[in-house]
Amino acid sequence: METAYYVAPYGNDSHSGSTHAPFLTIRRAQGEVRTKIRNGMDQDITVYMRGGLYEMDSPLRFDDRDSGRDGWKVRYCSYPGEEARLVGGRAITGWKPYKGNIWQAKLDSDLPSFYTLYVNEERIKLARLPASGYFETAAHEEGGNASDQGITFREADLPAQYDLTEAQVFVWPGEGEWNWFSETKKIASVDWEKRYMSFETPATWPIGTGSRYFLQGSLDFLRSPGQYHLDSAAGILYYWPADEAANPNEQIIIAPSVKRLLDIQGSSDARTVKDLSFSGLALSCTDFFREYRMMDENTERKEHREGLIYINHAEHIEIKSCMLQLSGSCGIFFDCYTKHIVIEGNDIRNLGYCGISLNGFPPGQGPFVDAESSYTNSHNRIVNNRITHGGELIGHGCGIFLYQSGDNDISNNMIAKMPRYGISLKGMRHKTLPEQVYGVPVTWDNHWDFLHSRNNRIAYNDISEVMTDSQDGGMIEAWGPGRGNVIHGNDLHDSGIHFSFGFGIYLDDAADDFTVTNNVIRGLYSTGEGKLWMLIFSKGIGNRIYNNLLVSNPHAISAIGSQEMADEENKLIDIAGNIIYNSGYLYYFVNYSDERFAAADRNLYWREGMSCQVAGNLPLEASGADPLERNEYPLEQWQHLANGKYDKHTLIAEPGFIDADHADYRLRPDSPAYRLGWTDIDFERIGAK
């Protein structure tokens, strides 16, 4: 039994909200539900939304007044067999030809400026220069070779004095090769003689020679189909359809007016919103930002903490079987106080930024007296979702991002087509923590207490086609998180490194105490000058790498690698029972110490009949070097290091796959891997179901 209310695009808010007399707006139904909640619940309450389009000019806000109570839940959902579509903007009509293939429309005076546009459920790009790809910054004439105040452009890139009144620069700040985080900067002025563009506000990092960028937001740039320009001063929208024969008056063109659609937020951490569920809804078309600045020490800035669904001061919330697409920022943003949230069975796609972003408090911030009370973002379940096409407006967008968030179950998701990571776990590495946190002196022994990206289970996810537009990253990546994280049973496949360098599983600086087991890494590759380095790169302390299948990655430099840097220790790595098949050297050491490996043994290695080699910098006499002058050492020489401590039982033999030519990497019963203790990987369990 349940209490039911109905909402329909053809309803009326003066109606009773019954199936035959539905309300017109969700807010009207919400008011009725709140009355029921106040009077006490004796059964679940469901608001059924009939199929159709609901244009939203402000977010739907749910707080502690909307919580289920007395053991009962409140649910908002599409009517069975129909789809309620919530759109965060307004349809643009009245298109007239402007020039060539470009059309124009006069906008309503009350429509605010917007920074992305949607046509027939696809994102349309701002008019940009170049139309695709990037320019590279030139050297500054004055003040050294890097500046956070603007960029110097090459004369050939902007040969004419374009109108840049409303233009922006999309740029990867850093020293040219750093392509870690992107920013979108508003242009304040241009010195055409010095070829220098000044920003309205400084970039987070200085921008050096060779940094990638493009310009957007000028009518002078509108030269290619599938792009638009907004003249906000005149209130005119210009649009060149991707299909040049298309008539915009026959298309659904949405100008976004809000940055979030569902705002699920209790009054405080003591008055959370809870026992609330959303299912079967379609949410789309939210706005981007006039300017975007990268994270501050991995913390998203307050003005950029947005998503189609925003959640804070919340617990026991469910988002199930929804379609979330075409966002200006994230699909779902977990902010600060979020526990026991379930995100399950959703299709999340075409995102300005990340699919799902979980963000706790940085160490030392927030109204806390100790580390334990600051652990406010935890115990969430993100399972069985499809997350694709992220980072369409922010270059470091990824599938799932965790910052200071722990004890989460991240499993059976399909993640693809991301410019940076598939899944990322971040905190703060030891040497960057403050001297005191919440009045407690930070020491080596207690520093993990303040790092909350811990005890996460990253399991059975299918990740492909990531790292498409960045470098020095991985398909699953961690930097300065807490301890006890598990990466198990994931299938990482068919993804490339297209410039600079990158990895498969990347346990970056101060990524300690990880268990990496039963993962499949296959079909990774490099293009151009890109370098696929290690398939598993283990920095940090005490990481365990067992029973992984690294197969058919011929462009990889090595299967497993290590490096100590940034004054963070890299030691006590334990390696056992992995299968390495046509995937580079067995190990690569950027540098070495006697404590680097705690143990390494019982691996099975095969490289088209070639000898097994270790490479890098070891206290051994190298037998040779490859074309890039990397020292090489035969397995036998490695086995004598440290009094025969390493790889005593490792075998060089074909694994005996059932059908490697057709990517069937199950093992035949006579595989030598079983003699080494191999445990079969449950391929059927991987991915979204």
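Before any of the text, the structure's been laid out above.
Trainee: Residues and numbers for the overall build of the protein, please.
Mentor: The secondary structure content of the protein amounts to two helices and 68 strands. By the compact-globule yardstick of 26 Å for 689 residues, the protein fits well, its C-alpha radius of gyration being 27 Å. By principal-axis analysis of the C-alpha atoms, the protein measures approximately 85 × 70 × 55 Å. Expressed as a percentage of its 689 residues, the buried residues of the protein come to 60%. Excluding contacts between residues fewer than 6 apart, the proportion of contacts in the protein whose partners are at least 24 apart in sequence is 76%. Carbon and sulfur atoms make up 46% of the accessible area of the protein, which amounts to about 26400 Å² in all.

Trainee: Explain helix α1 (residues 26-38) residue by residue, including any values.
Mentor: With 13 residues, α1 extends 18 Å from end C-alpha to end C-alpha; this agrees with the ideal 18 Å at 1.5 Å per step. Listing the buried residues of α1 in full gives I26, A29, Q30, V33, R34 and I37. Around the axis of α1, the buried residues are gathered within 145° of arc, so they sit on the same side. Lining the buried residues of α1 we find β1 (2-7), β2 (44-49), β4 (60-62), β5 (74-78) and β6 (84-87). Phi turns positive, to about 95°, at G40, one or two residues after α1.

Trainee: Account for the packing of aromatic side chains, naming residues and giving values.
Mentor: The final tally for this structure, using the stated rule, is 47 aromatic pairs. Each ring, one from F657 and one from Y665, has its centre 5.2 Å from the other, and the planes form 75°; the classification is edge-to-face. The class for Y665 is buried, based on a relative accessible area of 9%. Each residue in the set F501, F503, Y506, W533, F537 and Y588 is aromatic and connected to the rest through ring pairs, giving one cluster. In this structure, R260 is placed above the aromatic ring of Y310, and the distance from its NZ or CZ to the ring centre is 3.8 Å. For R454, the ring lying beneath its charged end belongs to Y375, and the centroid distance is 4.1 Å.

Trainee: Mind laying out the pairing of strand β60 (residues 585-589), listing which residues take part and the relevant values?
Mentor: Counted residue by residue, β60 has five buried out of five residues, so it is predominantly covered. Relative to β60, strand β57 (residues 558-562) is paired through four bridges, and the arrangement is parallel. Bridged to S558 within β60 is Y585. Summarising the sheet, β60 and strand β63 (residues 613-616) pair through three bridges and their orientation is parallel. Looking at the pairing, Y588 lines up with A615 of β63.

About the criteria used
Residues numbered from 1 in each chain as written. Predicted model: local features only at pLDDT ≥ 70, side-chain atom pairs only at ≥ 80, totals over all residues. Heavy atoms only, no water. Helix = DSSP H or I, 4+ residues; strand = E, 2+ residues; numbered from the N terminus. Rg over C-alpha atoms; globule rule 2.2 N^0.38 Å. Buried < 20%, exposed > 50% of the residue type's maximum accessible area, 1.4 Å probe, protein only. Contact = heavy atoms within 4.5 Å. Areas by Shrake-Rupley, 256 points an atom, 1.4 Å probe, with all protein chains shown as cover. Expected span 1.5 Å × (residues − 1). Arc of directions from axis to C-beta. Phe/Tyr/Trp six-rings, centres within 6.5 Å; stacked < 30°, edge-to-face > 60°. Lys NZ or Arg CZ within 6 Å of the ring centre and 35° of its normal. Pairing = 2+ DSSP bridges.

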